[in-house]
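# Descriptive structure summary
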Amino acid sequence: MTHTTWTTKAPDQEIGSGDASRRPRARSGPLAGIKVADFCWMGVGAVATRLLADFGAEVIKIENRKRLDMPRRLPIYKGEVRSYGAEDPNPDPNKGGLFNNYSRNKLGITVDMADPRGRELVLELIDHCGVVTENFAPGVMERWNLTYPELREIRDDVIFARMSGYGHSGPQAHYRSYGPVVQAVSGLSFNSGLPGREPSGWGQSYMDNQAAYYNSAGLLLAIYQRMLTGQGTEVDVSAVEAGIGLLGSDLLDTVVNDRPSRREDYPRGNRLEHPTAAPHGVYPAAGDDQWIAIAVFKDQEWKTLRTVMSDPAWAGEARFATAADRVANADELDAALSAWTRDRDKHDLMHLLQGAGITAGAVQNSRDLAEHDPQIAARGTFFELDHPVIGPALFEGFPGQFGTSKPDHWRSAPLLGEDNDYVFGELLGRDRATLDRLSAEGVI
């Protein structure tokens, strides 16, 4: 294994954040000791490296003051209501809630890669870390001469994890993409919506998160391989390919049975085609925009539901006698069931039906999840971190628990350039005078 030797002055004194509670410290968790030079931004990259940071890796987020990360610019502010996606013409880069969520437990530095001195710092950081991540538009890392072969000249066991819409090979590798574009190209939008209507797509960029999980898995596999063999590698994850993996049985149905994905009775919305199930959908509950999901598969479950409903006359009609009958008359069944659920509280109804053995769940909004759900509270799904600008805020945690380990949630997201002194000074050895000069000249 070869490493570049960098000549630097030792810092005159220990350099770090003035707030001791936010000062970088030794991490704990299964990934403690892993170091990542993180060029990622937006969601698909930031969420991928967040998983590593949550479990102990030292993830150093590399930013440029001249081009702020979009989550820093989006005014999703605590205590303020705006339309999602509306930009603030003068955003506070340290106030964005989305950035705070994406970049918790990470260190944050700023550097101008266009300046040779900034590039030198980044190359040295790459040598220090040994893992490099990015999800820029195609061509950015190439223009910086930071492709995998070039990174191996810095450190031969380097792991280079690339995350993009189409992947970095193939005839469309240069195409640009965001979450909704990925959903469309992967086939997910075409499969979403209601019969006889245009493809609906999804309200938010859910593929940012889904692709991020594959990115995390790819990084972990590469790290594990290096632990076993000492060999680095390049990881190239395509969000479009991750989306294709979500098509499931419909892709098989098209390929094997030659049935098109859009036809008169498909997509079916909340209704299920296989296995036979009815009622199977979302039904109105008491209150404004309140709903409950109910799924009945077996005739015995239908009999139980009839009992819970005090066996109204309509439920005993022949057209609802069997599962096949109920599917054939699903519109009438849904209308009748909706009349029964409409005036009932969604949570009370969920408990009533679950108590009788019927699969049902309240359609919960964000406030339900964060403030009222006892199961989520008992599992500790949400946890709180303080932030010097935002104040205390809730974060969603890892959706699982370990018997011998736990996440190391040590700090909310970094302020812009908050860890410049620590990274460039303590880790890379620049002295105070050098740091002051680089800062004054806009290099960091």
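Residues numbered from 1 in each chain as written. Predicted model: local features only at pLDDT ≥ 70, side-chain atom pairs only at ≥ 80, totals over all residues. Heavy atoms only, no water.

### Details of the sheet that holds strand E2 (residues 58–63)
- Strand order in the open sheet made by the six strands is E3-E2-E1-E4-E5-E6, with parallel pairing throughout. The open sheet has two edge strands with one neighbour each: strand E3 (107–110) and strand E6 (233–238). With strand direction ignored, the average angle separating the axes of adjacent strands in the sheet is 20°.
- For E2 and E3, the ladder comprises four bridges, and the chain directions are parallel. Across the sheet, the residue bridging to Ile-60 is Leu-107, located in E3.
- Packed on one face of the sheet, helix H17 (residues 420–427) meets E2 and E3 and runs near 85° to E3. (Pairing = 2+ DSSP bridges. Helix = DSSP H or I, 4+ residues; strand = E, 2+ residues; numbered from the N terminus. Axes fitted to C-alpha atoms, helices over the stretch in contact; angles between N-to-C directions. Contact = heavy atoms within 4.5 Å.)

### Observations regarding the packing of aromatic side chains
- Under the criterion given, the structure shown has ten aromatic pairs.
- Taking 5.6 Å as the distance between ring centres and 75° as the angle between the ring planes, the aromatic pair formed by Phe-55 and Phe-402 counts as edge-to-face. Of this pair, Phe-55 sits in the loop between helix H1 (42–54) and E2 while Phe-402 sits in the loop between strand E11 (393–396) and H17, placing them 347 residues apart in sequence.
- Residue Phe-55 is classed as buried on the basis of its relative accessible area, which comes to 6%.
- For the pair Tyr-166 and Tyr-175, a centre-to-centre distance of 5.6 Å together with 80° between the ring planes defines the contact as edge-to-face.
- What links up through ring pairs into an aromatic cluster is the set Phe-39, Phe-136 and Trp-144. (Phe/Tyr/Trp six-rings, centres within 6.5 Å; stacked < 30°, edge-to-face > 60°. Buried < 20%, exposed > 50% of the residue type's maximum accessible area, 1.4 Å probe, protein only.)

### So, the sheet that holds strand E8 (residues 291–295)
- Strand order across the open sheet formed by three strands is E7-E8-E9, with antiparallel pairing between neighbours. Each edge of the open sheet is held by one strand with a lone partner, namely strand E7 (280–284) and strand E9 (359–362). On average, each strand axis in the sheet is tilted by 20° relative to the strand beside it, whichever way the strands run.
- Of the strand pairs in this sheet, E7 and E8 are connected by five bridges, and their pairing is antiparallel. In the sheet register, Gly-281 faces E8, and the bridge partner there is Ile-294.
- Along the sheet, helix H13 (residues 330–341) makes contact with E7 and E8, crossing E7 at roughly 40°.
- Sitting on the sheet, helix H14 (residues 346–355) is in contact with E8 and E9, with an inclination near 165° to E9.

### Section: the nonpolar core
- Ranked by internal contacts, the top residues of the largest apolar core, which has 61 residues, are Leu-125 and Phe-424.
- Those residues in contact with Phe-424 that lie beyond four places of it in its chain are Ile-109, Thr-110, Val-111, Leu-121, Gly-429, Arg-430, Leu-435 and Ile-444.
- Ranked by size, the runner-up nonpolar core spans 21 residues in total, among them Val-296, Ala-315, Phe-320 and Trp-340. (Core = buried A, V, L, I, M, F, W, Y, C linked by side-chain atoms within 4.5 Å.)

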